[in-house]
Amino acid sequence: MPIQVVAPSRRIFLKSATALSASAAWALHRGVALAAEPLDANFIALLSDTHIAANPGESVRGTNMSDNLNLVIAQIGKLPQRPANLLINGDCAYLKGLPGDYQTLSHCLQPLAALGIDVHLTMGNHDDRPKLYEVLTGQRPATSVVSNKHLSVVEGEFANWFLLDSLSQVNVVTGELGNEQLKWLDDALDAHTAKPAVVMVHHNPQFNAPESGKPWGGISDTATLFEVLDARPHVRAFIFGHTHTWRVTDRKHMKLINLPPVAYVFGAGEPNGWVSARLDQRGMRLQLHAFDAKHSKAEEIVEVMWQA
């Protein structure tokens, strides 16, 4: 099966979006700096669970989701050196992946084009692929190597990123990769053994089946997925979202990294925010940027080493 390597795309605008100069002016109005500092190709911004609603004033659990995403983008825009890539790991939209949700998401993301930052999205259970492609036209792949899945390989200097699609049904909690995508991942990992691999997908791994009558809350084919990952020691990190929790655990030769939500948290005391990833020849340094600067985990650092 051919390997799909998707070139980064900056086409995050709506079909009717204004020119870049207008976007830049709007970005400045929003307080996003536009200094001419070069982008760092080995610096990646990791976001998850933005849950953007059509109404930018929509709040859930006391949290305005659009305001939170705008805050992340403003923080990134003010950095002395910015990431070349920004990844949103699923549940980009609020509940059902409506066109209006993606229109508001597009509006929030427009300053990134002025900053030159490439955007990559994965699909969560609250996303809808066709509706996302209608609005965020630059996210539509030129060819699809796995039917009804949005996936890619993003090659980097020190590691390759494998972005998977665990969306099974819109607004249904269960995630699934499916045999065709798992075969693609099997082949893709074997074709990219020269560098460490980072695998990213929205849903969390669920190693134990749910109680009888209850749905899978995570990836229903977790066991098959980890047969693929466990057999390949160059897979050094597995990154996911979905649970609205910031956690890092170890499994064999890899770190399991649960990204925090940009939107609301489920559990009291959990942080929300985003994570920066800086890669070099030794490994990847992750840092939590919690919205609550006084949170006990704010600025927490996690190291992923390329060699065991």
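Residues numbered from 1 in each chain as written. Predicted model: local features only at pLDDT ≥ 70, side-chain atom pairs only at ≥ 80, totals over all residues. Heavy atoms only, no water.

**Section: the overall build of the protein**
Looking only at helices and strands, one finds six helices and 14 strands in the protein. Across the 308 residues that make up the protein, the buried fraction comes to 57%. (Helix = DSSP H or I, 4+ residues; strand = E, 2+ residues; numbered from the N terminus. Buried < 20%, exposed > 50% of the residue type's maximum accessible area, 1.4 Å probe, protein only.)

**Section: the pattern of salt bridges**
In total, this model carries 11 salt bridges according to the counting rule given. Notably, a salt bridge pairs Asp 250 with Lys 255, separated by 2.9 Å at the nearest N-O pair. By sharing partners, the salt bridges in this structure join Arg 129, Lys 149 and Asp 165 into a single network. (Salt bridge = Lys/Arg side-chain N within 4 Å of Asp/Glu carboxyl O.)

**Some words on unusual backbone geometry**
At Arg 61, a position not held by glycine, the phi torsion is positive, near 55°. Looking at where Arg 61 falls in the secondary structure, it is placed in the loop between strand E2 (59–60) and strand E3 (63–64). With relative accessibility at 56%, the residue Arg 61 sits in the exposed group. Its identity as a non-glycine residue notwithstanding, Asp 91 has a phi of 50°, on the positive side. Within the secondary structure, Asp 91 is located in the loop between strand E4 (83–89) and helix H3 (99–115).

**Brief notes about the sheet that holds E4**
Spatial ordering of the open sheet is given by E5-E4-E1-E12-E13-E14, a layout of six strands whose pairing is mixed. The sheet is open, and its two borders are formed by strand E5 (118–122) and strand E14 (301–305), each paired with just one other strand. Within this sheet the neighbouring strands show an average axis-to-axis angle of 20°, counted without direction. Pairing geometry for E4 and E5, over five bridges, is parallel. (Pairing = 2+ DSSP bridges. Axes fitted to C-alpha atoms, helices over the stretch in contact; angles between N-to-C directions.)

**Notes on the pairing of strand E8 (residues 197–200)**
Side-chain positions along a regular strand alternate between the two faces of the sheet. Burial of E8 is two-sided: the residues Ala 197 and Val 199 facing one way and the residues Val 198 and Met 200 facing the other way are all buried. The pairing of strand E7 (residues 160–163) with E8 spans four bridges and is parallel. Within E8, the position partnered with Phe 162 by the bridge is Val 199. As a crossover connection, the stretch from E7 through helix H5 (residues 179–191) into E8 is right-handed. Here E8 pairs with strand E9 (residues 235–240) via four bridges, running parallel. When the bridges of E9 are listed, Met 200 appears paired with Ile 239. (Right-handed = clockwise from strand over helix to strand, strands pointing away.)

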